[in-house]
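A closer look at the structure
The lines below spell out each chain.
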2 protein chains.
Amino acid sequence: MTGTESGVPRKQRADSRRNETALLEAAAAAFVVSGVNAPVRNIAARAGVGVGTIYRHFPTRADLIVAVYRHQVEACAEAGPVLLTESATPHAALASWIHLFVDFLVTKHGLAEAMRSDDAAFQTLHAYFLDRLVPVCAELLDAASTAGEIIPGIDALVLMHGIGNLCIGADSPDYDARLMVGLVIAGLRVR
Amino acid sequence: MTGTESGVPRKQRADSRRNETALLEAAAAAFVVSGVNAPVRNIAARAGVGVGTIYRHFPTRADLIVAVYRHQVEACAEAGPVLLTESATPHAALASWIHLFVDFLVTKHGLAEAMRSDDAAFQTLHAYFLDRLVPVCAELLDAASTAGEIIPGIDALVLMHGIGNLCIGADSPDYDARLMVGLVIAGLRVR
DNA sequence: GCTATAGCGGAACCAAGTTCCGCATATGCA
DNA sequence: TGCATATGCGGAACTTGGTTCCGCTATAGC
């Protein structure tokens, strides 16, 4: 229940907003150096707040991750339709978009792991990333499928899930996520 | 330093051996219901031993996992050459073998995740699984490559790494690891 | 049987996530 | 401007799970 008896809600306190942005900055910084599983106490200390303040603003780690990466996810989502109109073929657009998505993932240490975690706390992360990006992917798949360039019936959710998985551990020297993703893209083509 | 002054080592105590097999059975059971990250205390309780006993026999979780699954890994490794002689083509052998590997992984909740963990504790797991299976995979890849069925230059380690990744979360209802692996196998073919 | 010691159990310690509550302070109003 | 009150804060305390360590027990070898 927010607000006074009269029903008109008191506006959010200034310090609360300050803390929220401080937390976002601190989290972004912590994620860069320690990955998205950076200890809560770390982030709180960086932001100069108590741990309780993190939980008040971002009840689950997923909420914090979503908030930190929202801009980049939006950019990726918006790139889909653009690529579709600008690319030579739908398959080329699909390939470009997937590479964009992969680039996003591999530069966020631990994000790919988190994305696929079945831990309930990551439900909102899962939901946001996929709800925002799966339709875009589906549109690209559909276009390429209609053009007869790829095998039909591929589910966008499954594909993104798989692409995400392939990006796990992408910073290991004896692995090459992009190569594997490339194999998948090649495997999509009709032969 | 083990043994008496005279240099002849005292043989392993009977209770020690008993505990080791009890632990293996308990761990196998725990892995089935809770995945390979089942709490140490759980496994110890199941086996009717103290936690210290686990660490004495299996210093890291990876050691325990390796011990539990050794038979199945060996079977998979040995299947490679057999498939190569019995299959119609090297590519068919490769595909069959990969499916075998995938079947092994997807039925072990959490094993695929553990396989790719960069945590130092999982080093021996990584080492054992890959050292045992990568050469087999390399042989199959080589045969298929020589036969001109697949694109050349694919590194077995990278491929297995990727296949392992694709198997993460295979028990989720909205994912299909086998489909994704199938795409990779298709992507390997020359066109 | 006796002795030396390998091996055992589990308490204690550590790391991280999460909850909760007394306290501080910003807001809205007089 | 000063006051009342709800909002929001900090961080201690609790939980869970891994890891270490040490006094004690039971076995192997004689």
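Treat the numbers as computed from the prediction; the structure is a model and nothing was measured. (Residues numbered from 1 in each chain as written. Chains lettered and ligands numbered in written order. Predicted model: local features only at pLDDT ≥ 70, side-chain atom pairs only at ≥ 80, totals over all residues. Heavy atoms only, no water.)

Moving on, we come to helix α8 (residues 156-166) of chain A. Counting buried positions along α8(A) yields 10 of 11 residues, so the element is predominantly enclosed. Looking only at α8(A), the buried set comprises Ala156(A), Val158(A), Leu159(A), Met160(A), His161(A), Gly162(A), Ile163(A), Gly164(A), Asn165(A) and Leu166(A). Of the surrounding secondary structure, the elements contacted by the buried residues of α8(A) are α5 (90-106), α6 (111-116), α7 (123-146) and α9 (177-188) of chain A together with α8 (156-166) and α9 (177-188) of chain B. (Buried < 20%, exposed > 50% of the residue type's maximum accessible area, 1.4 Å probe, protein only. Helix = DSSP H or I, 4+ residues; strand = E, 2+ residues; numbered from the N terminus. Contact = heavy atoms within 4.5 Å.)

What follows concerns the protein's contact with DNA strand C. Taken together, 26 residues form the shell around DNA strand C, and within it Arg41(A), Arg13(B), Asn19(B), Thr53(B) and Arg56(B) come nearest. Each atom of DNA strand C within 4 Å of the protein was assigned to sugar, phosphate or base; sugar and phosphate come to 52%. Here a phosphate oxygen of DNA strand C sits 3.2 Å away from a polar atom, N or O, in the main chain of Lys11(A). Broken down by secondary-structure element, the contributors of at least two residues to the surface near DNA strand C are α1 (14-34), α2 (40-47) and α3 (51-57) of chain A together with α1 (14-34) and α3 (51-57) of chain B. The element that contributes the greatest number of residues to the surface near DNA strand C is α3(B), accounting for 5 residues. (Near = heavy atom within 4 Å. Polar contact = N/O pair within 3.5 Å; in protein donor to acceptor, adjacent residues only side chain to side chain.)

Residue and element names in this part refer to chain A. Along the chain, Val 68 turns up in helix α4 (residues 61-86). The class of Val 68 is buried, set by a relative accessible area of 17%. As a C-alpha pair, Val 68 and Leu 24 span 44 residues in sequence and 6.1 Å in three-dimensional space. When residues no more than four places from it in sequence are discounted, the contact partners of Val 68 are Leu 24, Ala 27, Ala 28 and Phe 31.

Here we take up the relation of the copies chain A and chain B. Its rotation angle being 180 degrees, the transformation that places chain A on chain B also includes 0.0 Å of axial translation and leaves an RMSD of 0.1 Å. In short, the pair behaves as if placed about a two-fold rotation axis. Considering only C-alpha atoms, the part of chain A nearest the rotation axis is Gly187(A), at 1.8 Å. (Least-squares fit on C-alpha atoms with pLDDT ≥ 70 in both.)

Quick look at the protein's contact with DNA strand D now. Taken together, 28 residues are adjacent to DNA strand D, and Arg13(A), Asn19(A), Thr53(A), Arg56(A) and Arg41(B) come closest. Backbone sugar and phosphate groups make up 54% of those atoms of DNA strand D lying within 4 Å of the protein. Taken together, the elements giving at least two residues each to the surface near DNA strand D come down to α1 and α3 of chain A together with α1, α2 (40-47) and α3 of chain B. When residues in the surface near DNA strand D are grouped by element, the largest group, 5 residues, is from α3(A). When its residues are assigned to classes, the surface near DNA strand D shows 7 nonpolar, 10 polar and 11 charged. (Nonpolar A, V, L, I, M, F, W, Y, C, P; charged D, E, K, R; others polar.)

Residue and element names in this part refer to chain A. One can read the domain layout of chain A as domain 1 (1-58) and domain 2 (61-188). Here the C-alpha centroids of domain 1 and domain 2 sit 29 Å apart. Counting residues at the interface gives 13 residues for domain 1 and 12 residues for domain 2. Looking only at domain 1, the three residues that lose the most surface to domain 2 are Phe 31, Val 36 and Phe 58, adding up to 56% of its buried area. Where domain 1 meets domain 2, there are 0 salt bridges. (Domains from an automatic or database assignment. Buried area = accessible area lost by both parts, 1.4 Å probe. Salt bridge = Lys/Arg side-chain N within 4 Å of Asp/Glu carboxyl O.)

With that settled, the discussion passes to the interface of chain A and chain B. Contacts between the two partners involve 30 residues from chain A and, on the opposite side, 30 residues from chain B. Summed over both partners, the interface of chain A with chain B buries about 2,400 Å², with 68% contributed by carbon and sulfur atoms. Interface area lost by chain A to chain B is led by Val158(A), Leu183(A) and Arg191(A), which between them contribute 23%. On inspection of chain A and its partner chain B, the count reaches 2 salt bridges. Residue Arg116(B) is joined to Glu113(A) by a salt bridge in which the shortest nitrogen-to-oxygen separation is 3.4 Å. Remark: the boundary between chain A and chain B carries 7 residue pairs in polar contact (both at pLDDT 80 or more). Residues belonging to the side of chain A that touches chain B are distributed by class as follows: 16 nonpolar, 7 polar and 7 charged.

All names here are of chain B. Axis separation between helix α4 (residues 61-86) and helix α5 (residues 90-106) bottoms out at 9 Å; the angle between their running directions is 170 degrees. The angle between α4 and α5 falls in the class roughly antiparallel. Facing Tyr 69, Gln 72, Val 73, Cys 76, Ala 79, Gly 80, Leu 83 and Leu 84 of α4, the residues of α5 in contact are Pro 90, Ala 93, Ser 96, Trp 97, Leu 100, Phe 101 and Phe 104. Classifying every residue of the contact of α4 with α5 gives 12 nonpolar, 3 polar and no charged. (Axes fitted to C-alpha atoms, helices over the stretch in contact; angles between N-to-C directions. Parallel < 35°, antiparallel > 145°, perpendicular 65-115°, else oblique.)

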